[in-house]
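Here's the letter readout for the chains.
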Protein chains: 2
Amino acid sequence: MATVGIKDIATLAKVSPATVSRVLSSPELVSKKTLNKVKKIIDEMGYRPNRIGASLRTRKSGNIVAIIPDITNPVNAGIIRAIEQGAQSAGYSILLGDTQGLVERERHYADLVTSGQADGVLLFCSRMPFRIDPTLPLSGQIPPMVNANENMGNDEIVQVAVDNVAAAKAAVDYLVAQGHKRIAAITGPDDIPSSNERLQGYFAALEEAGLVLDPDLQIAGTYTVDSGVNCAEKLLLLRKRPTAIFCFNDEMAIGVMKLLKKQGFLIPEDVSVMGFDDIHYAEYVTPALSTVHQPLKEIGTACINLLLEQLRGNHVPPGRQFLPFELKLRASTGPAPHF
Amino acid sequence: MATVGIKDIATLAKVSPATVSRVLSSPELVSKKTLNKVKKIIDEMGYRPNRIGASLRTRKSGNIVAIIPDITNPVNAGIIRAIEQGAQSAGYSILLGDTQGLVERERHYADLVTSGQADGVLLFCSRMPFRIDPTLPLSGQIPPMVNANENMGNDEIVQVAVDNVAAAKAAVDYLVAQGHKRIAAITGPDDIPSSNERLQGYFAALEEAGLVLDPDLQIAGTYTVDSGVNCAEKLLLLRKRPTAIFCFNDEMAIGVMKLLKKQGFLIPEDVSVMGFDDIHYAEYVTPALSTVHQPLKEIGTACINLLLEQLRGNHVPPGRQFLPFELKLRASTGPAPHF
DNA sequence: TTGTAAGCGTTATCAC
DNA sequence: GTGATAACGCTTACAA
């Protein structure tokens with residue numbers, strides 16, 4: 001691997017390094033003749049340009065860092081897959097920053113931009129990983145950045161997601177239309193904005209339906225199957241049980257169904273269960289889970305496109321961009337039981 | 001973001017750039033006094049070293065590229081998560097190369113090493129992404145590299161995985177012990193070495209049990225739920241149906257169960273279903289899926305450690321390294337039906 | 001259309 | 001312990 005550089009090619013092709021560089025980066029500036037000559041040598045020598053050298057000079061790394069709480073989460077994985085695809089087509093590579101939800105790791109990965117290793121950020125969480133002076137305008141303080149699937153509570157940031165309020169409302173509207181009057185909500189952790197948005201949608205639907213809002217029917221989970229089990233236990237212990245349970249993600253819905261079945265409840269005859277996300281397996285649990293579908297691929301594509309636009313130096317209007325959700329009605333929801 | 005560099009710090013601290021560099025990289029070489037002085041200025045100025053400049057000089061990017069057919073696959077996601085963790089602790093970042101199984105994308109990501117953007121490779125597929133001269137020894141032709149969870153058919157490469165032959169044999173041994181005599185196998189695509197290894201294990205178990213090997217009972221799937229459905233259809237159409245179906249991954253097992261239930265078969269009373277992988281949801285399908293557990297975290301950790309060892313310049317004995325699998329017996333397998 | 005030469009921000013090698 | 005200086009491999013004014 002005796003490294004062959006641009007100078008070696010230049011020497012062999014009897015041109016200047018600048019010309020070789022042009023052959024690589026802007027071939028239209030080079031005459032056909034020298035172009036071919038140089039290309040031939042490049043091939044013969046198996047020369048591969050060193051991107052680090054170029055990066056140092058151009059001050060562009062060609063990398064985008066994705067800051068993700070958990071790559072194992074199928075929602076994130078689905079989005080990142082589309083992102084990677086779009087990035088690669090545009091000549092960018094994705095740096096994977098799985099943070100396990102830790103602030104320090106979010107910061108660490110944000111620092112990759114500061115240290116020149118990444119040109120832009122895709123943020124899958126709601127916390128701002130950069131130190132910001134709140135008295136100054138945000139633009140100029142942060143690099144090209146797009147938030148994926150969360151709400152940062154700041155409309156100066158470009159954000160792509162599903163309209164969680166509307167989506168949750170649609171889910172609950174459906175349960176209401178099925179005659180349910182006691183509809184429980186198992187939310188996510190209360191510091192997660194998207195979970196709070198879903199809660200708002202839940203409230204809105206209940207209010208519109210003129211249903212009383214029973215605080216006992218609102219429980220915070222942690223987005224895991226186990227927490228679904230635990231929350232369902234609390235719900236079933238109530239004197240007045242819910243006839244429908246709306247879970248803010250599919251994992252918890254799966255946990256809820258697990259407990260329900262274990263306790264001999266019929267789904268949906270006794271209790272309807274609604275999820276959120278439409279992960280791959282929602283379709284294959286028994287009964288098949290009704291849920292809110294999030295268009296992961298489209299979210300990912302929109303994110304990377306908006307980021308690439310910024311990286312090209314073009315202005316992207318900040319604020320939230322909503323992609324359409326879809327209510328997937330399967331077998332876990334049905335009419336409210338009669339008493 | 002008026003970029004402040006090492007020289008600025010040097011000037012302000014009235015030392016040489018070299019000293020500032022030492023403060024950052026080898027503080028033990030600097031006197032306490034200057035160390036503090038320089039650190040203070042660095043803090044005050046919010047100076048962040050530019051890694052690209054350093055990379056150019058040291059010829060180390062600090063990146064590792066993970067070449068993965070599909071990040072959406074929970075097995076890969078689980079492994080990569082542990083890898084990312086280990087890499088980050090060692091100061092490395094992971095470049096995500098989702099290839100969608102395409103050779104050209106595998107090559108593309110391998111090229112990141114050639115172009116200096118990555119120092120090592122974590123390979124999740126069985127194809128060698130580097131051009132190799134087969135007449136020469138492999139070492140020297142490839143960068144630090146570890147294969148995760150596949151078999152490259154080349155013992156000169158460091159590879160970490162579960163012993164697929166033994167694992168599949170254990171799974172089938174169990175079915176045999178349960179009295180099954182007609183055990184079907186739904187394999188993966190036949191160009192995937194790990195699938196072929198599982199097939200070997202299947203053969204070995206049948207042979208050891210003195211069972212006839214019926215070619216009708218061996219079908220190649222594509223590792224998707226749908227392909228599980230299709231393969232199960234073929235199996236159920238046979239005049240002599242299997243009483244147990246061993247699927248080479250959980251997704252297909254889920255598909256098989258879906259069809260079985262749709263057709264009114266009882267699992268495991270009529271047909272036992274065994275999966276492979278033990279993905280998160282295997283536990284939550286109905287009936288809970290018996291399967292072979294792969295220790296994803298351990299695989300990931302072993303991979304990154306072996307790679308880091310190579311990146312440190314230490315020799316790592318090539319060849320395959322097996323991590324222990326575990327047979328998870330849940331509700332989808334049981335005794336063979338009596339006739 | 002091509003060449004010259006000055007960097008990009010760091011670290012390594014010498015001296016001192 | 002510290003400083004001067006020359007790289008690392010490339011791009012890009014500017015000049016020719």
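Residues numbered from 1 in each chain as written. Chains lettered and ligands numbered in written order. Predicted model: local features only at pLDDT ≥ 70, side-chain atom pairs only at ≥ 80, totals over all residues. Heavy atoms only, no water.

Under an unreviewed UniProt entry, chain A has the name LacI family transcriptional regulator and belongs to Paraglaciecola hydrolytica.

S.K.: Would you mind going over the protein's contact with DNA strand D with me for this structure?
M.R.: The full set close to DNA strand D counts 26 residues, and Tyr-47 and Arg-57 of chain A together with Thr-19, Arg-22 and Arg-59 of chain B are the nearest of them. Sugar plus phosphate, as a fraction of atoms of DNA strand D within 4 Å of the protein: 64%. At four residues, helix H4 (residues 51–58) of chain A tops the list of elements feeding residues into the surface near DNA strand D. In the surface near DNA strand D, the residues fall into 10 nonpolar, 11 polar and five charged. (Near = heavy atom within 4 Å. Helix = DSSP H or I, 4+ residues; strand = E, 2+ residues; numbered from the N terminus. Nonpolar A, V, L, I, M, F, W, Y, C, P; charged D, E, K, R; others polar.)

S.K.: Please clarify how the packing of aromatic side chains should be interpreted in this entry.
M.R.: Geometry of an aromatic ring pair is reported as the spacing of the ring centres plus the angle between the planes. Throughout the structure, instances matching the rule amount to seven aromatic pairs over all chains. On the numbers, 6.5 Å between centres and 35° between planes, the contact of Phe-246 of chain A with Phe-276 of chain A is tilted. On the criterion of sequence distance, the pair formed by Phe-246 of chain A in strand S8 (residues 244–247) and Phe-276 of chain A in the loop between strand S9 (272–274) and strand S10 (291–293) is long-range, its members being 30 residues apart. Each member of the pair, Phe-246 of chain A together with Phe-276 of chain A, is buried. Considering the side-chain rings of Tyr-281 of chain A and Tyr-281 of chain B, the 4.5 Å spacing of their centres and the 20° angle between planes classify their relative orientation as stacked. In this pair, Tyr-281 of chain A sits in the loop between S9 and S10 while Tyr-281 of chain B sits in the loop between strand S9 (272–274) and strand S10 (291–293), so the two residues belong to two different chains. (Phe/Tyr/Trp six-rings, centres within 6.5 Å; stacked < 30°, edge-to-face > 60°. Buried < 20%, exposed > 50% of the residue type's maximum accessible area, 1.4 Å probe, protein only.)

S.K.: What's the story with the protein's contact with DNA strand C in this structure? I'm lost.
M.R.: In the vicinity of DNA strand C there are 26 residues, among which Arg-57 and Arg-59 of chain A together with Ser-21, Tyr-47 and Asn-50 of chain B approach most closely. Within 4 Å of the protein, the contacting atoms of DNA strand C are drawn from sugar and phosphate to the extent of 64%. One of the backbone N or O atoms of Arg-57 of chain A is found 3.3 Å from a base oxygen in DNA strand C. Take Tyr-47 of chain B: an N or O atom from its side chain is 2.6 Å from a phosphate oxygen of DNA strand C. (Polar contact = N/O pair within 3.5 Å; in protein donor to acceptor, adjacent residues only side chain to side chain.)

S.K.: Mind showing me how you'd approach helix H4 (residues 51–58) of chain B here?
M.R.: The periodicity of an α-helix, 3.6 residues per turn, causes residues three or four positions apart to be oriented the same way. Two to three positions downstream of the cap, the backbone nitrogen of Ile-52 of chain B sits 2.6 Å from a side-chain oxygen, assigning the N-cap of H4 of chain B to Asn-50 of chain B. Arg-59 of chain B occupies a position one or two residues after H4 of chain B and carries a positive phi of about 60°.

S.K.: Got a minute to help me understand the interface of chain B and chain A in this structure?
M.R.: Where the parts come together, the accessible area they lose is often given as the size of the interface. Taken residue by residue, the interface counts 55 residues in chain B and 55 residues in chain A. Summing both sides of the interface, chain B and chain A together bury roughly 4800 Å²; the carbon and sulfur share of this comes to 52%. At the surface where chain B touches chain A, the tally comes to eight salt bridges. Note that Glu-84 of chain A is salt-bridged to Arg-105 of chain B, the shortest N-O span being 3.5 Å. Between chain B and chain A we count 29 residue pairs in polar contact (both at pLDDT 80 or more) in total. No other element matches helix H5 (residues 74–89) of chain B, which puts eight residues into the side of chain B that touches chain A. For the side of chain B that touches chain A, the class distribution of residues is 20 nonpolar, 21 polar and 14 charged. Of the pairings in the sheet, the one linking strand S2 (residues 93–98) of chain A to strand S2 (residues 93–98) of chain B comprises three bridges and is antiparallel in character. Bridge assignment links Leu-95 of chain A to a residue of S2 of chain B, and that residue is Leu-95 of chain B. (Contact = heavy atoms within 4.5 Å. Buried area = accessible area lost by both parts, 1.4 Å probe. Salt bridge = Lys/Arg side-chain N within 4 Å of Asp/Glu carboxyl O. Pairing = 2+ DSSP bridges.)

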